[in-house]
Amino acid sequence: MLCRETARGPARDWGCSRARNKIDDVKRTEVAITGGGIIGLSAALELADAGLRVTIFDRGRGMAEASSAAAGMLAASDPENPAALRPLAELSARLYPKFLERIEELSGERVPIRTRRVIQGMLELPEDFQELTEAELETAAPGIVTEELRFFSLDEESLDPRDLAAALPKAARAMGITLLEDTEITEVRERGGEIEIDTSAGRWVAEKFIHASGAWAARLSGLPITPRKGQMVMVEEPRPALAGVVLRSPGVYLVPRGDGRVVIGATVEDAGFDKQVEQKAIAGLLDKAAALWPPVRQSRMVESWAGLRPATPDGLPVIDACGERCWFAGGHFRNGILLAPGTARLLREMILGEPLSIDVSDFGCGRFAAAAARGS
Ligand SMILES: Cc1cc2nc3c(=O)[nH]c(=O)nc-3n(C[C@H](O)[C@H](O)[C@H](O)COP(=O)(O)OP(=O)(O)OC[C@H]3O[C@@H](n4cnc5c(N)ncnc54)[C@H](O)[C@@H]3O)c2cc1C
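Residues numbered from 1 in each chain as written. Predicted model: local features only at pLDDT ≥ 70, side-chain atom pairs only at ≥ 80, totals over all residues. Heavy atoms only, no water.

Colleague: Can you help me understand the confidence of the model for the protein in this one?
Modeller: Parts of the model with low pLDDT should not have their predicted coordinates read in detail. Chain-level pLDDT for the protein is 93 on average; 92% of the residues reach the 70-or-more range. Long-range and interchain partners of residues 5–23, a stretch whose pLDDT sits below 50, account for 20 contacts in this model, where long-range means more than four residues apart. (pLDDT = per-residue confidence, 0-100. Contact = heavy atoms within 4.5 Å.)

In structure tokens:
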């Protein structure tokens, strides 16, 4: 259930809510959000900027799950993205500079853009892309092994999600947003024109509710969001280094941070909610990276980790109203860091009844029920 009517039916004496609140010590907020990942926090900032009072609930720490496990590529023009994602990806990429400026203004923490170019290899050169020459490739990634891949260049940025993890919760708090950590939402229902929220720290009532609980979203929303595990490894950048470019192929990517670290990713696994790092998977990633760019073989491993991407059956996010006072924002799979500012903008527009920046018909909650009914 997304936001369900209480089984007891609408409260009959709702007019007495003030007296009831006093007895139950119910706390109130205008907008409640589950999940302090990048999606929940970006939505909160956008809504607080529009003058709404927002409370975020996270059962752990803000930005501690998929949002800090990510590689941080803002892969708006990756030809491997689903075509239906493009308008949202482009909207988000356009909003990113202002999004980062606002975070810095509020938090005092800069989130630097760490790379501005991608060298991507695919089996077939996509239309409208020009193949790089061997000399161009050698300058960007000295020692690269191209094998059967054809390489082209994209003007695409990356950032370190750990910079965002340090800055975004701070920015939210500076904006007056309440971020309640270690507070799990256990049930949500629409009742008497309001939203009742049961949490591990008592009951809250909100005028509006946003589901943004990442890979765990199915539990409260009933939508078919499932976790896709991604394992990653960080190495010290070898010499000669990548010339400030991300190197991406169908099986692996290497993302230099510009400070002597290179992140190598990532597995895509159906492993439920397991976040164990397996040495075999890490060794596999290192092998794939070295096959593409052999200098990696000489580099020292610094760290490895795993995170859970929130995935939908069709690879597209859900950004939609899912009740009179409930909205859903999730299922951003491999692109949630990129898509956060665009998602936040669309949520604000939906909630405040403003014209939508882009057509959102591909991102509806109802599409899964429709697909199930068609038997697809
Ligand atoms: C290995 C890896 C690499 C990636 N690389 C990239 C990349 O390069 N570029 C990119 O754009 N994206 C990338 N992604 C995807 C991106 O990280 C995700 O799409 C994005 O972080 C999802 O954000 P979220 O806020 O929906 O989820 P999360 O960040 O997981 O946040 C969800 C939050 O909800 C909380 N929560 C869950 N249930 C409850 C509850 N009942 N009550 C209260 N709180 C709850 C959790 O504690 C969590 O903090 C990558 C992901 C992984 C794992």
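After presenting the structure, the write-up continues.
Colleague: Help me out: how do you make sense of the site of the ligand in this one?
Modeller: Taken together, 39 residues lie around the ligand, and Asp58, Ser67, Phe333, Arg334 and Leu338 are the ones closest in. Here an oxygen atom of the ligand sits 2.5 Å away from a polar atom, N or O, in the side chain of Asp58. With respect to the ligand, the backbone of Ile185 contributes an N or O atom lying 2.9 Å from a nitrogen atom. Here the ligand loses 98% of its free accessible area of 1,000 Å² to cover by the protein chains. Contributions of two or more residues to the shell around the ligand are made by helix 2 (38–49), helix 3 (66–69), strand 12 (226–236), strand 16 (301–311) and helix 9 (336–352). The class makeup of the residues in the shell around the ligand is 19 nonpolar, 13 polar and 7 charged. Two domains share the shell around the ligand, each providing at least three of its residues, namely domain 1 (1–113 + 158–225 + 312–376) and domain 2 (117–155 + 226–311). (Near = heavy atom within 4 Å. Polar contact = N/O pair within 3.5 Å; in protein donor to acceptor, adjacent residues only side chain to side chain. Areas by Shrake-Rupley, 256 points an atom, 1.4 Å probe, with all protein chains shown as cover. Helix = DSSP H or I, 4+ residues; strand = E, 2+ residues; numbered from the N terminus. Nonpolar A, V, L, I, M, F, W, Y, C, P; charged D, E, K, R; others polar. Domains from an automatic or database assignment.)

Colleague: How should the domain arrangement of the protein be read in this particular structure?
Modeller: Quite often, the size of an interface is put as the accessible area lost when its parts meet. Domains assigned within the protein are domain 1 (1–113 + 158–225 + 312–376) and domain 2 (117–155 + 226–311). Look at where the C-alpha atoms of domain 1 and domain 2 centre, and you get two points 30 Å apart. The partner domain 2 presents 30 residues to the 27 residues of domain 1 that form the contact. Carbon and sulfur atoms supply 58% of the area that domain 1 and domain 2 bury against each other, a total of about 2,300 Å² over both sides. Taken as a group, Met73, Arg162 and Phe333 account for 24% of the area that domain 1 buries against domain 2, more than any other trio of residues on that side. The closest approach of N and O atoms between Arg257 and Asp160, which form a salt bridge, is 3.7 Å. Our count for the domain 1 to domain 2 interface comes out at 9 residue pairs in polar contact (both at pLDDT 80 or more). (Buried area = accessible area lost by both parts, 1.4 Å probe. Salt bridge = Lys/Arg side-chain N within 4 Å of Asp/Glu carboxyl O.)

Colleague: Sorry, what's going on with the nonpolar core here?
Modeller: Note on soluble globular proteins: their nonpolar side chains tend to be buried together. Grouped together as the largest cluster of nonpolar side chains are 52 residues, with contacts concentrated most on Ile33, Ile38, Val54, Tyr96, Ile103 and Leu164. Of all elements in the fold, only strand 2 (27–34), helix 2, strand 3 (54–57), helix 4 (86–107), helix 6 (161–174), strand 18 (326–330) and helix 9 reach the threshold of two or more residues within this core. At 9 residues, helix 4 tops the list of elements feeding residues into this core. Other than its neighbours up to four places away in sequence, Ile38 contacts Met63, Ser67, Tyr96, Leu164, Leu168, Gly336, Ile337 and Ala340. If you look at the next biggest cluster of nonpolar residues, it comprises 23 residues, including Val235, Val252, Leu285 and Trp293. (Core = buried A, V, L, I, M, F, W, Y, C linked by side-chain atoms within 4.5 Å. Buried < 20%, exposed > 50% of the residue type's maximum accessible area, 1.4 Å probe, protein only.)

Colleague: Even after reading the chapter, I still don't get the packing of helix 2 against helix 9, so can you show me in this structure?
Modeller: Packed helices, taken two at a time, are described by their axes: the angle between them and the distance between them. Contact geometry for helix 2 and helix 9: axes closest at 8 Å, N-to-C directions at 40 degrees. Comparing their axes, helix 9 and helix 2 come out oblique. Between helix 2 and helix 9 lies a crossing of right-handed hand. Mapping the contact onto sequence places Ile38, Ile39, Ser42, Ala43, Glu46 and Leu47 in helix 2 and Gly336, Ile337, Ala340, Thr343, Ala344, Arg345, Leu347, Arg348 and Ile351 in helix 9. (Axes fitted to C-alpha atoms, helices over the stretch in contact; angles between N-to-C directions. Parallel < 35°, antiparallel > 145°, perpendicular 65-115°, else oblique. Left-handed = near helix turned anticlockwise from the far one by under 90°.)

Colleague: Would you explain the packing of helix 4 against helix 6 in this entry?
Modeller: In the contact formed by helix 4 and helix 6, the axes pass within 8 Å of each other and the chain directions differ by 70 degrees. On the basis of the axis angle, helix 4 is roughly perpendicular to helix 6. The interaxial crossing formed by helix 4 with helix 6 has left-handed handedness. In contact with Tyr96, Leu100, Ile103, Leu106 and Ser107 of helix 4, helix 6 contributes Leu164, Ala167, Leu168, Lys170, Ala171 and Ala174. A breakdown of the residues in the contact of helix 4 with helix 6 according to their chemical character gives 9 nonpolar, 1 polar and 1 charged.

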